[in-house]
Each structure stands twice: as C-alpha cells, then as structure tokens.
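Here is what each chain is made of, one letter per residue.
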Amino acid sequence: MRFIYLILIFSVALWAEGELKRELKRNFTLKELIVPSEVDTFSQMLSEGIFYGRLRSNNFYFDWDDEVEGKTKDHYTMGVGGSLIYKSAYLNGLGFTAGVYTTQSPLQMGDENVGYYKVGKGVMSRYDVATRGSYGLTSLAQAYIEYKDEITSVKVGRQIFESHMTKSNDIKMIPNTFEGITLHSKAVPTHNLKLAYLTKQKLRDHSSFHHLFAYDDGGGAYDSWRENDDTAMHRGITLSKLEARNINDRLLLFEIDNGKKEDFTYMFNYTVVPELFASSTIDLSYKFPVDEFTVSPSLRYMHQFDYGAGVIGGANLKTNNVAYTHPDSVKADLYGVRVDVSRDSWRIRTGFSKVADKADIISPWRAFPTNGYGYTLLQYNWYANTTAYLLQGDYDFVEQKLHAQMRLGIQDFDDDKSGVQADSNVLQLDFIKQFESLPNLYAKLRMVRVVGDANTVAFDGSRKLNPSYNDIRVELNYLF
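Note that the structure is a prediction, hence the values are computed from the model and not measured.

Novice: Can you help me understand the overall build of the protein in this one?
Specialist: Across its full length, the protein holds five helices and 24 strands. In terms of C-alpha radius of gyration, the protein reaches 22 Å, essentially the compact-globule figure of 23 Å for 480 residues. The principal-axis extent of the C-alpha atoms belonging to the protein is close to 70 × 60 × 50 Å. The 480 residues of the protein split such that 52% are buried. The contacts of the protein with a sequence gap of at least 6 include a subset with a gap of at least 24, amounting to 62%.

This is the structure we're talking about:
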C-alpha cells in the first residue's frame, strides 16, 4: 500500500490531456491558468470541477567540509511523488478544494542517520521514520470550503496562504500549509487585502497538522520533531511552557499592498501571536527608466514587538543568550535596502540587510524576512547583529525557455554570540528549464557552495561549527 497514492496520481497523468492548466513560477509555486467557473446546479458544481496533477522528483546531495561526530554528516536522499488536487465549480459563489500530496524516499541513508538530514529532510517525516520506520509521507494538505464574489474570497479549512510572514515554500515535495480562516479582497480599489486567523500548521516534512508556534519538549527521543521544528522556530517557546500559562498559539495577520503594476509599490504587514509577540513590516519600491534600463530601489523595515515571548524563551532562537544585551526580550528591528537594474531579459540586484543588536527575528512559517535583500538559500541570517550583502543576476534565454540565476551572499554574523553561526560567503547557481516539446515538464538544477570561517571562537570560549558545505539539487516536475 506504500505507493498507492503515487500509482493513482501516475495513472491519472497517463489519461490527462496535454493542456496547460497550470504553470510553475520561478520560485516553483503554481499559477493556475484554467480555473472552475460559476454554475447553476449542484451536479454541475461537481461535474465541472477541475483536477490538477503534479508528478515530481527531488534529489539532494549535501557535503560538509568538516563532519563533526554526532552533529553533522554528509548525506543524500531522493523523493518521488506528486499531488492530485480537485477544485469544484462554484454554485452561488460557493465551492471547495481538496488536495492529496505524497512523497516516497526510495533512496536514503537508513533509519540510524535520519537525524543528520538537512536539505533532504523535506522529502520525508523524520518523526515517522524514527517512530514507525516509514519513509512514505502522504497528507491531505489542502481541504477547504471557499466563498467568493467579484472582489472577495473567504476560505475555511486547510490551505496554502502566501503572505509576507507565511509561505508554502514548495521547493521540496509537499507545501507548507495552514488550518484556519483567510480572506483575500480587492475592496480597496487597486489594492490587495489579506486577513487570516490561523490555528494550525503542517510543515513540509510532517504527516499531520500541529501547533503553529510551539516547540515540543516532551522529553522523548524524537518528540522535538513532532510539533513546529522548523529551523527558524524559537526553541524556547515550548509546548509545556505555553500550557502552563494557558496560552493557545494562534496567528492573526493583516496585509495590504497595491500590487506590482504601478511604478510605486508598497506592502504593509502586521502579524501577531497573541500574548507572545508580533511583527510589523513595511516594504517600499519605486521603478523608473534610465535610458534603456529600468531602475528599481526598494526599502524594508521590520519591527518585532515583545508581548511576553522574551521572558518565556529568551532573545536567541536556540535559547543560547550569550552576548545578548537584553536576553529576556524579543524586541528587534530589521532594515533592508536593494536596487534592481533590468533590461530586456536580464536583471542585476544588489541588496543589503541589517538586524539590530537586540534579539533574533522570529519567523517559523517558511517566510524569510531578509528575502530579496540579503537572503541566499538555507541561510538564516536574521539573527541579532547580523549584516548580509547580496549580488544577484537573472537572465532569461527566451528561445530555449531557460532561466538562469546567480546569487552571491556575504554574511557577517556576531562572532561573540555562540547561538549563531560563523561568518560565511555563499555562491548559488540555479537553472530552470521548460521543454518546448513537452511544456508541462520542468527541470531545475541548483548548486550551492558555502565557504565559512572554521576558526570562530564565541564570547563564552566555544568554537563554532565550520559552516562550509556543498549542496546539489536536481528537481523534475510534470504538470497535468
């Protein structure tokens, strides 16, 4: 029964028509080209719904420069699977969506090494492997009812919710999804308005929905993988501490932007976990022509409010508060500046991000606060007193349907803080190919080289791990 969902999806793919119902964007999220329409009867609501399918394979190879016994180990893994999503037609504005996702790992390193996976852990559930020996992960990750009219959509249930602080981050096998109520509206002319009340989350490598903002400290050997164990999760905000204070972790979000079609664009986001913390972000961009080029400078400012999380968990995401001026506060600030210069098929981006020397930025919902400014792949550079620089180049080979991207990142972490990594430089190369003879097929090659300082000694005398590694990924996608 292990491959039953994969067989089902593959069978549907064989019978599917070749029309382009969806396309993959550069970040490998999906854009729907054909959507269900409004109908007159319940039977039409079901019969005129649309199935969306996806077959995919992800392969990961991760090579540390220095392996440390019990902490780091070179690893490889492979995921094969896909998804089958059904969207009904709409009857009087009412419809529903259900999406089943599956990933299987035919190539891995064995149960005893499951704790070493870094990039490859997204193709399996480490908790399921450790407790049940199961490398297959299948989930009803989307299941919601929707009501919509010409300007507003309300969804209730399991869903993808893309915002500044919450992302699907669908670059492995199964997207990051949430349970709750969300609203998208264009009630404000020329603007996009988003509201959300989220109660649970399912990370990409979990088989069931779990707490949004609680790290499991149950004490069992693998309990820490059961709740929100995202790399950016605050390890000091534990389930037992929240239960002792009768705090229910819930997320409320407000976001508004004026889209991307204007010369001057802006976004404002306010996200709060009541009784714990909140963040407020404003992002401003302006584009103007200079001869044959388009120049677009951007600014970002983010402030993090402390409503009790600092006393509970401390200033550092890993609870190591060495060299933090205010170890019991999560008040923080982040600044970003970037400039894009583009012409025809290419774009050059230079970016900068700076986190004030206060507390780490909290963002465990697969959205990256420095994204677009100082972020490069797998680099969590929003710790206190961190400065990051970015140089990025993009080029589209239009006739070949090939997109190429290069990122160079320079990261200056606080050497004194033993709870953050050592300084590093990052080179990332991406190639995304869509095949003209089979436009539903996409291939992606990603190569990352990180060169870090292997001799950083923190304020408490501890030596930081060498952050240097090679990361190679190959992904195939077929949409139907």
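Novice: Explanation requested: the pattern of salt bridges in the structure shown.
Specialist: Should the charged atoms of two oppositely charged side chains come close, the side chains can pair. Taken as a whole and judged by the stated rule, the model has 24 salt bridges. Put simply, Arg132 and Asp128 hold a salt bridge, and the shortest N to O gap is 3.1 Å. Placement of the pair is Arg132 and Asp128 together in helix H3 (residues 126-132), with a separation of four residues, close to one helical turn. Here Asp128 falls in the buried class, since its relative accessible area comes to 5%. In this structure, the salt-bridge partner of Asp344 is Arg343, at a minimum N-O distance of 3.7 Å. Through salt bridges with shared partners, one network takes in Arg54, Arg56, Asp170 and Glu475.

Novice: In this structure, what is going on with the packing of aromatic side chains? I would like to understand it.
Specialist: We describe a pair of aromatic rings using the distance from one ring centre to the other and the angle between the two ring planes. One pass over the structure, following the stated rule, counts 25 aromatic pairs. On the basis of an interplanar angle of 15° and a centroid distance of 4.6 Å, the ring pair of Phe368 and Tyr375 is categorised as stacked. We classify Phe368 as buried; its relative accessible area is 13%. Within the aromatic cluster, the residues linked to one another by ring pairs are Phe368, Tyr375, Tyr380 and Trp382. Looking at Lys148, its charged tip hangs above the ring of Tyr90, at a distance of 4.2 Å from the centre.

Novice: What's the story with the nonpolar core in this structure? I'm lost.
Specialist: Note on soluble globular proteins: their nonpolar side chains tend to be buried together. In this structure, Phe213, Ile237, Leu276, Phe277, Trp365 and Trp382 are the most contacted members of the largest nonpolar core, which totals 42 residues. When near neighbours in sequence (up to four residues on either side) are disregarded, Trp382 contacts Ala232, Leu317, Leu334, Val355, Asp360, Ile361, Ser363, Phe368, Pro369, Thr370 and Tyr375. Counting 26 residues, the second-largest nonpolar core is a separate cluster that includes Phe60, Tyr101, Met173 and Val426.

Novice: Just checking my understanding: could you explain the pairing of strand E24 (residues 469-479) for this structure?
Specialist: Note on strand geometry: in a regular strand, side chains alternate between the two faces of the sheet. Side chains Tyr469, Asp471, Arg473, Glu475, Asn477 and Leu479 project from E24 onto a buried face, and the interleaved Asn470, Ile472, Val474, Leu476 and Tyr478 project onto a face without burial. Both strand E23 (residues 441-452) and E24 contribute to a ladder of ten bridges, which runs antiparallel. Bridging from a neighbouring strand, Tyr442 pairs with Asn477 of E24.

Novice: Please explain the pairing of strand E11 (residues 192-202) as it appears in this structure.
Specialist: Where strand E10 (residues 177-185) and E11 come together, nine bridges link them in antiparallel fashion. Considered in E11, the bridge of Ser185 is made with Leu193. As consecutive antiparallel partners, E10 and E11 are separated by six residues, and within that stretch Thr190 has a phi angle of approximately 65°, a positive value. One ladder, built from two bridges, connects E11 with strand E12 (residues 210-211); its direction is antiparallel. For Lys200, the partnering residue across the bridge sits in E12 and is His211.

Novice: Even after reading the chapter, I still don't get a nonpolar patch on the surface, so can you show me in this structure?
Specialist: On the surface, Phe264, Phe268, Ile282, Leu284, Tyr286, Phe288, Val290, Leu299, Tyr301, Tyr335 and Val337 cluster together to form a nonpolar patch covering roughly 900 Å² of accessible area. Taken together, the elements giving at least two residues each to the nonpolar patch come down to strand E14 (264-273), strand E15 (277-286), strand E16 (288-290), strand E17 (293-306) and strand E18 (332-343). Considering every element that reaches the nonpolar patch, the biggest residue donor is E15, with three residues. Among the structural elements, Val337 can be located in strand E18. Residue classification places Val337 among the partly exposed positions, given a relative accessible area of 40%.

Novice: Explain the side chain of Gln304 to me, please; I cannot follow it from the model alone.
Specialist: Tracing the backbone through its elements, the reader meets Gln304 in strand E17. Leaving out residues up to four positions away in the same chain, Gln304 has contacts with Phe277, Ala278, Ser279, Val330, Lys331, Ala332, Asp360, Ile361 and Ile362.

Novice: It is not clear to me how the environment of Asn320 should be interpreted in this structure. Could you clarify?
Specialist: Its location among the elements puts Asn320 in the loop between helix H5 (309-313) and E18. Accessibility expressed as a relative area gives 24% for Asn320, which makes it partly exposed. Each C-alpha atom of the pair Asn320 and Ile34 lies 50 Å from the other, and the pair is 286 residues apart in sequence. The residues contacting Asn320, other than those within four sequence positions of it, are Ser418 and Gly419.

Rules used in this analysis
Residues numbered from 1 in each chain as written. Predicted model: local features only at pLDDT ≥ 70, side-chain atom pairs only at ≥ 80, totals over all residues. Heavy atoms only, no water. Helix = DSSP H or I, 4+ residues; strand = E, 2+ residues; numbered from the N terminus. Rg over C-alpha atoms; globule rule 2.2 N^0.38 Å. Buried < 20%, exposed > 50% of the residue type's maximum accessible area, 1.4 Å probe, protein only. Contact = heavy atoms within 4.5 Å. Salt bridge = Lys/Arg side-chain N within 4 Å of Asp/Glu carboxyl O. Phe/Tyr/Trp six-rings, centres within 6.5 Å; stacked < 30°, edge-to-face > 60°. Lys NZ or Arg CZ within 6 Å of the ring centre and 35° of its normal. Core = buried A, V, L, I, M, F, W, Y, C linked by side-chain atoms within 4.5 Å. Pairing = 2+ DSSP bridges. Patch = residues over 30% accessible without salt bridge, like charges linked within 9 Å, V, L, I, M, F, W, Y side chains within 5 Å. Areas by Shrake-Rupley, 256 points an atom, 1.4 Å probe, with all protein chains shown as cover.

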